[in-house]
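Understanding the architecture of this molecule
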Amino acid sequence: MKREYVNIGGRLPRVDGMVKAAGEAMYTGDLSLPGMLHGKLLRSPHPHARLLKVDTAPALTLEGVRAVITGEDTLKFLAGGIASPGNEPYLAFEKVRFVGDAVAAVAAVDEETAERALALIDVEYELLDPVLDPFAAMAPGSPLVHDDAPGNISFETDLSFGNAQRAFATCDYVRYDEFKTAPIRHGFIEPHAALASWDTSGRLTFWGSKQSPYFTYRNMAKALDIPMSKVRIMQSYLGGGFGGKNEMFNLDFCAALLSMKTRRPVRIVVSQEEVLYAYRQRHPAWIKLQSGFMKDGTLVAVDAEIVAEGGAYKGIGALSLYLMCTFLALPYRVANLRAKGCRVYTNTQPSCAMRGHGVPQVRYAAEVQLDMAARELGLDPLEIRLKNAIQSGDTTGNGFEITSCGLSETLLEARGIVERWRGETPADSEPHLKRGIGVASYGYLSGPRMAGHNTSAALIKVHEDGRVGLVTGSTDCGQGSDTVLSQIAAEVLGIHLDDVQYGGMDSEIVPLDPGVFGSRVTFITGNAVKWAAEDVRAQLAGVAAGLLDAEPDDLEFRDRRVFVRDEPDRGLPFAKLVKSAQYSGTGMTILGRGYWAPEDIDLPRFDTGMGNQSGAYSFGTQVAEVEVDTETGRVKVLRLAVSHDCGQPINEMLVEGQLEGSSIGGIGHTFTETIQRRRGQTMNASFLEYRMPTALDACPVEVTHTDTVDEMGPFGAKESGEGVQVAVMPALVSAVHDAVGVWFKEVPITPEVVVEALGRGAEAAQNADARRGADARRDSRDDGRSRDGESA
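Please read these numbers as outputs of a predicted model, since none were measured by experiment.

All right, on to the packing of helix α6 (residues 213–224) against helix α7 (residues 250–262) then. When two helices pack together, their arrangement is captured by the angle between the axes and the distance separating the axes. As a packed pair, α6 and α7 sit with axes 11 Å apart at the nearest point and diverge in direction by 50 degrees. If you check the angle between α6 and α7, you find them oblique. Classified by chirality, the crossing of α7 by α6 is right-handed. Between α6, through M220, A223 and L224, and α7, the contact on the second element is made entirely by D252, F253, A256, L257 and M260. Each residue belonging to the contact of α6 with α7 can be placed in one class, and the counts come to seven nonpolar, no polar and one charged.

Below, the structure is given as structure tokens:
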């Protein structure tokens, strides 16, 4: 019998609060232990150099210094890598490969002493020629960032289905463009921090702010050569992550090794400046894109060449490049596609996942080019998308299986929004202020299929008073997953949200989990929680059936009561049922467990781009309205709207918060954010100089949901949050074009860029007018000669 749950999306009231995790710790940088030492890292000032000498003796003589470590004190474990072994040391040995590479670490009685000790470490470098952009890096004879990577190639993906080149010959219209995106920051406010304590039994306890604590759990054991059972990871308050806190970093390792050496707790908190120049960034990308259409707008073929700058190390770059290539097949139907991608090493800080993980870069190019083609073909930008929109039941040429899809519905909703906005938009109040509206669509995954462990799990304990404790290995990094998972448990058990206490991350207790990335938590961990709650429910239903003289399948759990369906008076309170179960006979402890991952999903091929990457895919359409000051080049975003297919929203407030945050973040990516470097040195390593959007840049964001339900998701839910950022850049770029008639194929679009482009446009228009005038005069003379001849 199929069980119906009535509250989700129905009677359950809008939840405007969030669950506080049991024992939720402070931010790691505020934690303290008795006898704690303070750590600092010494970083390379050079983008590429050989390490000839690292003399720590002068630092060790400074009063208050307890230990100094270098790469020679380590096992030289190399981190990173998905499709191949890693190549990133936690402390450099032999070479440094970017400005900020860690060379040594100090533990001292206070931060000031540790800072002074760093200045006493004598490092001798042999400077090497750096490669600072991917094209120079690939040139014959260029210096190698890694000796085992010819041409500085980190990874390559070559996705092909159909025959794009043959299909182009059949097209009515073929367009070729080149696009470029900038390196940008994750922008979380809380800097990286680590606290490690090595005890006398040979056991390490580590507190850190990690999106994926079990990544650190495994790598810590490998890097220190200790059993995993001797590593305990405690999750502290995370704050924002956005993909930048998934990996184990050098400060984590150094805090642990320094604690082992000193037998004292060691805490390292890096500065925000260090975060901005020495840790991760989004991959900048160069995209050559060719698309072919029939004159009715049917998309026939796509061919792309992608170069992604990976920075100094491998990290998880293979997945990044794979996603860049494969998401050229979504969200539109296309029978012929070739996407050849290349991730390149350079002597800059490493690139990694960031909200949307590679997909925003390529979809910016594809969506803008789609708009350009629509205008050339005389088609409406929404109509060309509707014509090509992927549908439920489709399978893309590379193997994405679309189990549910509300893309067409979001486009129809967007059409209504555009029509309403155009009716509301006043005429330009001043000649130099121009308004425009743009649209773009997207598709995104609900948790990527990765190699190795891919299953999430949940445990539920029912307390004597009827309240329940819930633990999973998934981390809440600001998206509100603790609340959503607690809602799911409460829904299945028929109790209230405040009856669920969500436990904090502790690897000693919580089940193994892949981590928080790729919008996987609601979809995958949510199903694990649902299974665990159903396990509890089944145990209690067996007891209740005996007490109520009913069949277990005839019982309903609702409003803190358990009763016979259609006989609500024949029941008992949930708390009383729990006590009856625990106190009757020999008593029973109510523990539920659940684990889940999508089944029948092949492991994707990162090199070929083939394979179904996820159990479900979200879709949506973004609408943007901007005002461009043609005198100053400043672009003001007036409003945004998102029509989103996330299946069934579990918590509408949190979904809206995710969509709004992603949308506002996309404003910075489009107009202000870029890392500025000179000879490998970051020049804007502060939030004062690195221009992220603030409240002054924010605008109203309208959010609507389509009425779709995914059969695989918990209560029909899918991804929400990351996907929308995929469409923000192209929607804004198209809106700017709608306002001033200029396409921008490189972001960010700063005021200087706008003024320069408008100046070129005005000059080109004058030249065109002059040519048209000359042509008209020549045609007039030709016509006159023809008439004279005729009259003769």
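Here we take up the sheet that holds strand β27 (residues 591–596). Read across the open sheet, the four strands follow the order β23-β22-β21-β27; overall the sheet is mixed. Looking along the sheet, the strands with just one partner apiece sit at the ends: β23 (500–502) and β27. Sheet twist, expressed as the average angle between the axes of neighbouring strands with direction ignored, equals 20 degrees. Bridge count for strand β21 (residues 456–462) against strand β22 (residues 468–472) is five bridges, and the pairing is antiparallel. Bridge pairing in β22 links K461 to G469.

What follows is about the domain arrangement of the chain. Parsing the chain into structural domains produces domain 1 (17–24 + 455–596), domain 2 (31–128 + 190–239 + 245–278) and domain 3 (281–448 + 604–777). Contacts between the two partners involve 23 residues from domain 2, matched on the other side by 22 residues from domain 3. Each partner contributes to the roughly 1,900 Å² buried at the junction of domain 2 and domain 3, and carbon and sulfur atoms together form 61% of this total. If you look at where domain 2 meets domain 3, you find zero salt bridges. Inspection of the region where domain 2 meets domain 3 yields eight residue pairs in polar contact (both at pLDDT 80 or more). For the side of domain 2 that touches domain 3, the secondary-structure elements that each account for two or more residues are β5 (88–89) and α8 (272–278). Along the lines of polarity and charge, the residues of the side of domain 2 that touches domain 3 split into twelve nonpolar, six polar and five charged.

Moving on to the nonpolar core. Membership of the largest hydrophobic core comes to 100 residues, with the highest contact counts inside it found for L328, L337, V623 and L732. Listed in part, the 49 residues of the second largest apolar core include L493, L548, V562 and V578.

Taken together, the three strands give an open sheet; going across it, the order is β6-β2-β8, and neighbouring strands pair in antiparallel fashion. If you trace the sheet from one side to the other, it starts and ends with β6 (95–96) and β8 (122–127), each paired once. Where strand β2 (residues 49–55) meets β6, two bridges bridge the pair, whose relative direction is antiparallel. Paired with R50 across the strands is K95, a residue of β6.

For the structure shown, the criterion picks out 41 salt bridges. One salt bridge in this structure joins K53 and D122, with 3.1 Å as the shortest N-O distance. Pair noted here: K53 is in strand β2 and D122 is in strand β8, with a separation of 69 residues, a long-range link. Judged by its relative accessible area of 34%, D122 is partly exposed. The residue R280 makes a salt bridge to E247 at a minimum N-O spacing of 2.9 Å. Placement of the pair is R280 in the loop between α8 and β15 (281–282) and E247 in the loop between β13 (231–235) and α7, with a sequence separation of 33 residues. One network of salt bridges, with partners in common, ties together R420, E424, R435, E625, E627, R639 and E702.

Scoring rules and cut-offs
Residues numbered from 1 in each chain as written. Predicted model: local features only at pLDDT ≥ 70, side-chain atom pairs only at ≥ 80, totals over all residues. Heavy atoms only, no water. Axes fitted to C-alpha atoms, helices over the stretch in contact; angles between N-to-C directions. Helix = DSSP H or I, 4+ residues; strand = E, 2+ residues; numbered from the N terminus. Parallel < 35°, antiparallel > 145°, perpendicular 65-115°, else oblique. Left-handed = near helix turned anticlockwise from the far one by under 90°. Contact = heavy atoms within 4.5 Å. Nonpolar A, V, L, I, M, F, W, Y, C, P; charged D, E, K, R; others polar. Pairing = 2+ DSSP bridges. Domains from an automatic or database assignment. Buried area = accessible area lost by both parts, 1.4 Å probe. Salt bridge = Lys/Arg side-chain N within 4 Å of Asp/Glu carboxyl O. Polar contact = N/O pair within 3.5 Å; in protein donor to acceptor, adjacent residues only side chain to side chain. Core = buried A, V, L, I, M, F, W, Y, C linked by side-chain atoms within 4.5 Å. Buried < 20%, exposed > 50% of the residue type's maximum accessible area, 1.4 Å probe, protein only.

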